[in-house]
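The residues making up each chain are set out below.
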Amino acid sequence: MSGPDIKIAVATHKPYRMPSDPVYLPIQVGAALHPDLDFGFQKDDEGDNISNRNPFYCELTALWWLWKNCDARYKGLVHYRRHFRTLDRSMSCSSDRFQRIATAGDYKALIKTGAEIVLPKKRNYYIETVYSHYDHTFDGRQFDIAHNVLVHRCPEFVPAWDKLMAGRRAYLYNMFVMRSDLVDKYCTWLFPLLADLENMIDSSSMDAFQARWIGRVAERFLNVWVETKGLNVAELATLSPEPVDWLSKGRGFLAAKFLGKKYERSF
């Protein structure tokens, strides 16, 4: 398996340093809405695309572009400030955080073990269920509508949704790496569901942060699809090229649960 057999989109809406490994393909998302901006990356408004839906679909416009316009054998999605962490422990303490990002060799090693999909390690909410956490931090009705969409379009996925909502752990960030044929099956399933969601809630009056709710629901849909399909999962830790303000994240989490304060920005 050579390098070009794996291509991982790095969704970004701004100029930013990118991983040096050629397995990564930086994609400028929302390019159709900002024709005046050019970061020197692949734009998501070329070829078959949904670039103009980026305010609602977030990084998934990069996924659509990769799905429709790239013929790599394995495809994946990460973010400009959130990556999979390398398996190479010698790099774990590198002062340059970009040296800690997973390489093509890491993905190939996991694929050789029989992994059908690489996912970030699950987030554990501990004192919250997946549903209650979202209800406290955003709007639980969005999850209720997602449930109803599954009931009407593909009821065989509802048990996995209900299990996820009642549990305390979930795969987040819409990050993954898997075979192209699985990407095709996943995207063919996912995007019609998201179109249904978009038609059921008017996002026009929401601010930019809240309007990204469809992308957030999609994170949970990935869990449901993987669970229902019974895929063999390999997990990788994630990292940010920038230090994470865990104190602010913790305060936001507790304020949402105990004070009813909804999230107003990303942490």
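Residues numbered from 1 in each chain as written. Predicted model: local features only at pLDDT ≥ 70, side-chain atom pairs only at ≥ 80, totals over all residues. Heavy atoms only, no water.

Enquirer: Help me understand helix α7 (residues 180-200) in this model?
Expert: The α-helix advances 3.6 residues per turn, and as a result positions three or four apart in sequence lie on the same side. Taking 1.5 Å as the rise per residue, α7 with 21 residues should run 30 Å; its terminal C-alpha atoms sit 30 Å apart, in good agreement. When we look at burial in α7, the residues that qualify are Leu182, Val183, Tyr186, Cys187, Trp189, Leu190, Phe191, Leu193, Leu194, Leu197 and Glu198. Those residues of α7 that are buried lie in contact with α1 (54-57), α2 (60-69), β4 (74-79), α5 (140-153), β9 (176-179) and α8 (213-229). (Helix = DSSP H or I, 4+ residues; strand = E, 2+ residues; numbered from the N terminus. Expected span 1.5 Å × (residues − 1). Buried < 20%, exposed > 50% of the residue type's maximum accessible area, 1.4 Å probe, protein only. Contact = heavy atoms within 4.5 Å.)

Enquirer: Is there a simple way to explain the packing of aromatic side chains in this structure?
Expert: Pairs of aromatic rings are described using the distance from one ring centre to the other and the angle between the two planes. Summed over all chains, the structure comprises 19 aromatic pairs. For the ring pair Trp64 and Phe191, a centre distance of 4.9 Å and an interplane angle of 80 degrees mean the geometry is edge-to-face. Taken as a pair, Trp64 in helix α2 and Phe191 in helix α7 lie far apart in primary sequence, 127 residues in all. Note on accessibility: Trp64 and Phe191 belong to one class, buried. Members of the aromatic cluster, each reached through a chain of ring pairs, are Tyr131, Tyr134, Phe138, Phe143, Phe157, Trp161, Phe176, Tyr186, Trp189, Phe209, Phe221 and Trp225. Over the face of the ring belonging to Trp64 we find Lys68, whose NZ or CZ atom lies 5.4 Å from the ring centre. For Arg216, the ring lying beneath its charged end belongs to Phe209, and the centroid distance is 4.5 Å. (Phe/Tyr/Trp six-rings, centres within 6.5 Å; stacked < 30°, edge-to-face > 60°. Lys NZ or Arg CZ within 6 Å of the ring centre and 35° of its normal.)

Enquirer: Quick question: what am I supposed to make of the nonpolar core here?
Expert: Soluble, globular proteins show a tendency: their nonpolar side chains are buried together. In terms of nonpolar packing, the biggest core is built from 91 residues, with Phe176, Tyr186, Trp189, Phe191, Leu194 and Phe221 touching the most fellow members. Here the element with the most residues in this core is α7; it accounts for ten residues. (Core = buried A, V, L, I, M, F, W, Y, C linked by side-chain atoms within 4.5 Å.)

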